[in-house]
Amino acid sequence: MREFKVVAPYEPGGDQVQAIEKLSQGFLRGDRYQTLKGVTGSGKTFTMAKIIEKVQRPTLIISHNKTLSAQLYREFKDFFPNNAVEYFVSYYDYYQPEAYVAARDLYIEKDCDINREIDALRLRATYSLMERRDVIVIATVSCIYGLGMPDLYKDMRIHLEIGQQVTLKKIAEQLVSVQYSRNDAVLERGNFRIRGDVMEIFPPYMETDEGYRIELDWDEIVRIRRFDIFNGNTKEELDETVIYPAKHFVVSNDLLLEATARIEKEMNERVEQLRSQKKLLEAERLKTRTTYDIEMLKEMGTCPGIENYSAPIAGRKPGEPPATLLHYFPDDFLCLIDEAHVTVPQIGAMYEGDRSRKTNLIDFGFRLPSALDNRPLKFEEFEKKLNQVIYVTATPRQEEIEQSTQVVEQLIRPTGLLDPVLDVRPSEGQMEDIYREIKERISRGEKSLVLTLTKKMAEDLTDYLLELDLKAKYIHSEIDTFERVEILKGLRAGEFDVLIGINLLREGIDLPEVSFIAILDADKIGFLRSATSLIQIIGRAARNADGHVVMYADHMSPAMEEAIKETRHRREIQEAYNKEHGITPKTISKAVQDILEHDRKDAQENAALDVEVLKNKTNLFNTKDKKKLIAALKKEMELAADRMDYEQAAVYRDQILELQK
């Protein structure tokens, strides 16, 4: 196995050294639960990376939202350039679950928009776990949802080697059975194409745009190559290769036929039960819908809402938990739960929310009772699947503290930065005060955050600041993953000066340029203004030497008192440490970079190379050939735009305009 090796331009400092040593030793001696209590900006991510390097185990890192996961993914990719660092979050950009509102007799069909890029990243995560041990997977709580059986996923992979006696037709049938599609015109992820005696396959889980080219002589494989999809160049000659399924939910035809028999049996029993309860409409509805789905499964191998039949398809007993990402990990893996004070309760809440919606669908004849078993794990099931856990948070809950064999504190920052200065000011005249503070930061080239309680308030405040000629943007949960990432990057890059948001600004956003934070309605009672929330918010300004937080409130709440006391206590310890070691706090200097792998330069170079290949094959002095080239470039431009590779699309567009001139 390739060893985990951290690559970084610095070594552990401050409290990191003792935290890494204590937690690594605890893991190696078998401690099941430990806690890292690290203040914001103390380098908890680097500590996590060094622990992984020490223990040398496959690792799952769970965080509670996509923004934080994306940031962690980028950081760990940098720390472990020679290991497999993968990203596993929900692939829905938009998701409206199936539901029934009895009071209005309203059935709502499932509607969703799947992000293909994230789907490919999810497939790559499970592929890496199947093939190697030096794997780190950054995931959200989507990792506790049903994923498809790892044993079946592994069993259905296709092994190809030189000298193997097989026909192209047979390979094609095998690929189709594991959810690949044939497209002889355009080779895209999850597709294959056949040209003469050559088959080209583009697995969706490949890290870069690479595929496999299989050459046959009669019915024998004579050559296997890994090649670049865009320019066709060979990257590696292979003796053999393995093709994994194009989707996580794959089932053999035999298992599918057995499953349809189980579904039909359950349907007949449930229909009789509903009729005995005088629910004739519900019984007829269930029979009609399920019969249609069974026919679809038999003829097409799939049906709308197939995930609702995951239990009978997998042959699971009622109540038995589904297979999840956790089932793809080996038994000795390490689990790091980031921002555990939020992530752990979120994991616990998933099951009940899912069950209440599905119960309604079952009661009114829209789904079979087995649909309940297409669900996230219960919290006790999740805990049972874990091997050893380290909770990582600045504000651990009492539950984590009591469960842990040791709580290791990390209060000193390697940079010597202190927790920010705190002020409490009255809410009267707060807008004028905030405007003045923001203008002062702008004059120093620094950024500001404003925390509101509602989305509407965030949007209205943004409009108000824009009217005052300030460059401002808002961010909240209705903005999709990639746009949130771009907004955060835009703040750091100086595209605007003020970011307004709600609680999703609390954790995991590394913004060293931010020196001022305004907390509106700081004295309100509730989750968004609890002591834990306030401490997390205050920590956002701890990456800047001039960090300053102002709470706008008309009275002092108990949560405010606790947050102020804890922050001042930490600041005193940090000041004493700095004085003892002669450290002068200095704002973190961190390069602004894409959080996900949207490398514009690489995209443009790939497209330019592709254009060059096409041009070299064309006689530009022949009008007919030139028109064909323009048509081919337009097709490539449209495909690039569909993939959201807008930099590549722009290169194709510019070439088309140049040729048309």
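Preceding this paragraph is the structure being described.
We now turn to the structure provided with this report. (Residues numbered from 1 in each chain as written. Predicted model: local features only at pLDDT ≥ 70, side-chain atom pairs only at ≥ 80, totals over all residues. Heavy atoms only, no water.)

## Re the overall build of the chain
Alright, step 1. Within the chain one finds 20 helices and 25 strands.
Alright, step 2. In summary, the chain has a C-alpha radius of gyration of 28 Å against a globular reference of 26 Å for 661 residues, a match within 12%.
Alright, step 3. Seen along its three principal axes, the alpha-carbon backbone of the chain occupies a region of about 80 × 80 × 55 Å.
Alright, step 4. Classification of the 661 residues of the chain by burial places 52% in the buried group.
Alright, step 5. Just so you have it, the chain exposes about 30,500 Å², and 49% of that area is on carbon and sulfur atoms. (Helix = DSSP H or I, 4+ residues; strand = E, 2+ residues; numbered from the N terminus. Rg over C-alpha atoms; globule rule 2.2 N^0.38 Å. Buried < 20%, exposed > 50% of the residue type's maximum accessible area, 1.4 Å probe, protein only. Areas by Shrake-Rupley, 256 points an atom, 1.4 Å probe, with all protein chains shown as cover.)

## Some remarks on the environment of Arg 367
Alright, step 1. In this structure, Arg 367 sits in the loop between helix H10 (340–363) and helix H11 (379–385).
Alright, step 2. Given a relative accessible area of 7%, Arg 367 falls into the buried group.
Alright, step 3. With sequence-adjacent residues up to four places away left out, Arg 367 is seen in contact with Glu 98, Leu 286, Arg 289, Asp 293, Pro 304, Gly 305, Asn 308, Tyr 309, Leu 361 and Ile 362.
Alright, step 4. Among the polar contacts listed, one links the side chain of Arg 367 to the side chain of Glu 98, at a separation of 3.0 Å. (Contact = heavy atoms within 4.5 Å. Polar contact = N/O pair within 3.5 Å; in protein donor to acceptor, adjacent residues only side chain to side chain.)

## Here we look at the packing of aromatic side chains
By convention here, two paired aromatic rings are described through the distance between centres and the angle between planes.
Alright, step 1. Applying the stated criterion across every chain yields a total of 17 aromatic pairs.
Alright, step 2. Counting every residue linked through ring pairs, the aromatic cluster contains Phe 4, Tyr 10, Phe 46, Phe 76, Phe 79 and Phe 80.
Alright, step 3. The ring of Phe 88 has Arg 122 lying over it, and the distance from NZ or CZ to the ring centre is 4.2 Å.
Alright, step 4. One residue, Arg 213, lies across the ring of Phe 227, its end atom 4.0 Å from the ring centre. (Phe/Tyr/Trp six-rings, centres within 6.5 Å; stacked < 30°, edge-to-face > 60°. Lys NZ or Arg CZ within 6 Å of the ring centre and 35° of its normal.)

## Quick word on the sheet that holds strand S22 (residues 472–475)
Alright, step 1. Pairing is parallel in the open sheet, where 6 strands are placed in the order S20-S25-S24-S21-S23-S22. Of all the strands in the sheet, the pair left with one neighbour each is strand S20 (421–425) and S22. The average undirected angle you get between the axes of adjacent strands in this sheet is 20°.
Alright, step 2. In this structure, strand S21 (residues 447–451) lies alongside strand S23 (residues 498–501), joined through 4 bridges in parallel fashion. For Val 450, the partnering residue across the bridge sits in S23 and is Ile 500.
Alright, step 3. Packing against the sheet, helix H14 (residues 455–467) makes contact with S21, S22 and S23, and its axis sits at approximately 175° to S22. (Pairing = 2+ DSSP bridges. Axes fitted to C-alpha atoms, helices over the stretch in contact; angles between N-to-C directions.)

## A word on the pairing of strand S16 (residues 240–243)
Alright, step 1. The two faces of S16 differ: Thr 241 and Ile 243 on one face are buried, but Glu 240 and Val 242 on the other face are not.
Alright, step 2. As paired strands, strand S9 (residues 158–161) and S16 are joined by 4 bridges and run antiparallel to one another. Among the inter-strand pairings, His 159 is bridged to a residue of S16, identified as Val 242.

## Notes on the packing of helix H2 (residues 44–55) against helix H3 (residues 66–79)
Alright, step 1. Running from N to C, H2 and H3 cross one another at 50°; their axes reach a closest spacing of 11 Å. Overall, the two elements H2 and H3 adopt an arrangement that is oblique. Crossing of H2 over H3 shows right-handed handedness. Only Leu 72, Glu 75, Phe 76 and Phe 79 of H3 make contact with H2, whose side of the interface consists of Thr 45, Phe 46, Met 48, Ala 49 and Ile 52. (Parallel < 35°, antiparallel > 145°, perpendicular 65-115°, else oblique. Left-handed = near helix turned anticlockwise from the far one by under 90°.)

## A closer look at the nonpolar core
Most often, soluble globular proteins have nonpolar side chains that are buried together.
Alright, step 1. Formed by 60 residues in total, the largest nonpolar core has its most connected members in Leu 60, Val 137, Met 199 and Leu 325.
Alright, step 2. Tallying contributions element by element places helix H4 (residues 116–131) first for this core, with 5 residues.
Alright, step 3. When residues no more than four places from it in sequence are discounted, the contact partners of Leu 325 are Leu 60, Phe 88, Thr 126, Leu 129, Val 137, Ala 139, Cys 143 and Leu 147.
Alright, step 4. Counting 36 residues, the second-largest nonpolar core is a separate cluster that includes Val 55, Val 85, Tyr 87 and Ile 390. (Core = buried A, V, L, I, M, F, W, Y, C linked by side-chain atoms within 4.5 Å.)

## Focus on H10
Alright, step 1. In a regular helix each residue adds 1.5 Å, so 24 residues correspond to 34 Å; H10 covers 36 Å between its end C-alpha atoms and thus fits that length.
Alright, step 2. Along H10, the helix axis deviates most sharply at Ala 349, where the bend reaches about 30°.
Alright, step 3. Residues Ala 340, His 341, Val 342, Thr 343, Val 344, Ile 347, Tyr 351, Asp 354, Lys 358, Leu 361 and Ile 362 constitute the buried set of H10.
Alright, step 4. Of the residues flanking the end of H10, it is Gly 365, one or two places downstream, whose phi is positive at about 80°. (Expected span 1.5 Å × (residues − 1). Bend = angle between axes of the 7 residues up to and from the residue.)

## A look at the pattern of salt bridges
Alright, step 1. As enumerated under the stated definition, the model contains 45 salt bridges in all.
Alright, step 2. A salt bridge links Arg 189 to Asp 209; its shortest N-O distance comes to 3.4 Å. One end of the pair, Arg 189, is in the loop between strand S10 (181–182) and strand S11 (191–195); the other, Asp 209, is in the loop between strand S12 (198–202) and strand S13 (210–217), with 20 residues separating them in the sequence.
Alright, step 3. Its relative accessible area of 25% is what places Asp 209 among the partly exposed residues.
Alright, step 4. The closest approach of N and O atoms between Glu 236 and Arg 226, which form a salt bridge, is 2.9 Å. With a gap of 10 residues between them, Glu 236 in strand S15 (residues 234–238) and Arg 226 in strand S14 (residues 220–228) connect regions that are remote in the sequence.
Alright, step 5. Taking the relative accessible area as the measure of exposure, Arg 226 reaches 18% and is therefore buried.
Alright, step 6. Taken together, the salt bridges that share partners define one network made up of Asp 423, Arg 425, Asp 433, Arg 436, Glu 437 and Arg 441. (Salt bridge = Lys/Arg side-chain N within 4 Å of Asp/Glu carboxyl O.)

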